[in-house]
Amino acid sequence: MEVDEEGVKTGDRCSRLYYLVKLFRPSNPYSSLRTCCFRCPGLAKPKPKRQRFEYAGAQSTQVGDHWGIPGVCRVVLITGGSRGMGLEVARQLAGRNAYIVIVARDAKRLEEALVCIKEKAVGRRFQRFHAINADLTDPNAAQRVMREVVEWNGGKPPDVVWCCAGSAHPTLFADTPAEEFKAQMESNYLSAAYIAQAALQTWLRIPTPPSPSNPKARHIILTGSTVSFYSIAGYSPYSPSKAALRSLADSISREVHLYAGANPKEPEIKVHTVFAASILTDSYERENLIKADVTKKLEEADKSQTAEAVARKSIVGLERGYEFVATDFLTKLVMTANMGGSSGRGGFWRGLGLWVVGCVMSLLLLVVRGGQDRVVRNWGRVHGASGFKKGSGRNAG
Ligand SMILES: NC(=O)C1=CN([C@@H]2O[C@H](COP(=O)(O)OP(=O)(O)OC[C@H]3O[C@@H](n4cnc5c(N)ncnc54)[C@H](OP(=O)(O)O)[C@@H]3O)[C@@H](O)[C@H]2O)C=CC1
Ligand SMILES: CCCCCCCCCCCCCCCC(=O)[C@@H](N)CO
């Protein structure tokens, strides 16, 4: 039986797309496109005897090789994996073969989450799960987490680091306690920057021994928000931290080319960001207790989604290889209108297409923004300057 350098039977290759891709991208051996095409019959249905466990979601995992290939689980580190969106991401990836490591501060919650994640595992006898207790606003804790994962994984670094940890304090700028500006940057921006840096440093430090089962790429995934692109009244402590994440993703995605050039035999490093509008989590309920009524009024344009739906859509976008993934129509709209220098990241033609759509979206936003500013001005006229409804008990003016 002929086996190629990736350990896949040559006959299993989808001749159409694989060789076309090889033809156009010969210099990029670790491109995620290299795996195969979506419909490839050979890879979509691996031979049962080569499988070590039932392989659910085989077709989609082949596309990006993010979470596993037949017989090999990838290790996915998920920060904030004990609750909300992070927990859903962990559960869904457990259902796609991955080994999961979750990180959060509350130890009891982490243990409960592990049980909940294991329920979704497809290969229960083979898949491994681990929880690490850490406050990721501390850079030393982020380094410790990475060391612990490497040790737990037999000296190998994780393949994917998905930063979901974060929190929201949506209040009007004038009414925000000064310490919240710092706390929000720490909770959302620094908690992701520190662990992403620790992951990158680990990948650069530990060489990947040649093996057919090696990942073709490693991934840093950040979790942004609609307000990373387009903020509304009442999000000033939070939206800069999410905009900073977008900028961080852009910056790192430029630097990884240096490592791809210098270490062509190592898996490429890819940086992705998923952007979501309101997610129906407990934290969302809690943030609504402090959120100004005028902000809630502006948010009416957004149909909130469950964490399950946001995680699912994020994973689909990532498996398609997108670097920026919007999980709903509204976010897609404001994202496309604000791509700027980020456009080129999906390749030239996709970038050009996005630019054309973005021009139209920017025009639409001109109208939307005018309308929203009028809503806020009118709110002030009717209810005063507190942002809350008259007679709501929160209205100081
Ligand atoms: N909910 C929403 O409407 C939206 C949320 N997002 C973003 O999605 C992500 C998840 O949101 P959501 O699921 O609602 O949040 P949750 O509050 O439900 O979950 C947050 C998770 O992060 C952990 N976490 C928070 N701070 C730290 C820290 N300093 N160190 C380690 N772990 C931490 C929490 O555990 P513990 O507290 O035990 O540490 C928990 O596991 C966040 O980044 C959020 O900003 C984006 C768009 C909308
Ligand atoms: C026709 C086009 C209309 C476009 C209007 C745009 C309206 C913007 C709605 C903003 C929604 C904000 C979601 C933020 C969620 C978030 O990150 C927090 N909940 C964090 O927990």
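Residues numbered from 1 in each chain as written. Chains lettered and ligands numbered in written order. Predicted model: local features only at pLDDT ≥ 70, side-chain atom pairs only at ≥ 80, totals over all residues. Heavy atoms only, no water.

- An unreviewed UniProt entry annotates the protein as 3-dehydrosphinganine reductase originating from Podospora australis.
- Quoted verbatim from the Subcellular location (unreviewed entry) field of UniProt, the annotation for the protein is "Endoplasmic reticulum".
- Under the UniProt heading Catalytic activity (unreviewed entry), the entry covering the protein gives this text: "sphinganine + NADP(+) = 3-oxosphinganine + NADPH + H(+)". (UniProt positions renumbered as here; feature names shortened; annotations may be inferred.)

With respect to the overall build of the protein
1) Next: Along the backbone of the protein there are 13 helices and nine strands.
2) Next: Within the protein, the fraction of its 397 residues that count as buried is 53%.
3) Next: At a minimum sequence separation of 6, the contacts of the protein that also span at least 24 residues come to 70%.
4) Next: Within the structure as shown, the protein displays about 19200 Å² of accessible surface, and the carbon and sulfur contribution to it stands at 57%. (Helix = DSSP H or I, 4+ residues; strand = E, 2+ residues; numbered from the N terminus. Buried < 20%, exposed > 50% of the residue type's maximum accessible area, 1.4 Å probe, protein only. Contact = heavy atoms within 4.5 Å. Areas by Shrake-Rupley, 256 points an atom, 1.4 Å probe, with all protein chains shown as cover.)

With respect to the site of ligand 1
1) Next: Around ligand 1, 28 residues are found, and the nearest of them are Ser-82, Arg-83, Arg-105, Thr-281 and Ser-283.
2) Next: One nitrogen or oxygen atom from the main chain of Asp-106 is found 2.9 Å from an oxygen atom belonging to ligand 1.
3) Next: A distance of 3.0 Å separates a nitrogen atom of ligand 1 from a polar atom in the backbone of Leu-136.
4) Next: If you list the elements that add at least two residues to the shell around ligand 1, you get helix H4 (84-94), strand E7 (217-225) and helix H9 (282-290).
5) Next: It is E7 that provides the largest number of residues to the shell around ligand 1, a total of three residues. (Near = heavy atom within 4 Å. Polar contact = N/O pair within 3.5 Å; in protein donor to acceptor, adjacent residues only side chain to side chain.)

Observations regarding the site of ligand 2
1) Next: Around ligand 2, a shell composed of 16 residues is seen, among which Ala-168, Ser-225, Tyr-235, Tyr-238 and Glu-287 lie nearest.
2) Next: Note that an oxygen atom of ligand 2 is positioned 2.8 Å from one of the side-chain N or O atoms of Ser-225.
3) Next: Burial of ligand 2 by the surrounding chains reaches 86%, relative to a free accessible area of 610 Å².
4) Next: Elements with a contribution of two residues or more to the shell around ligand 2: H9, helix H12 (329-337) and helix H13 (348-383).
5) Next: When the residues that make up the shell around ligand 2 are grouped by side-chain class, the tally is 10 nonpolar, four polar and two charged. (Nonpolar A, V, L, I, M, F, W, Y, C, P; charged D, E, K, R; others polar.)

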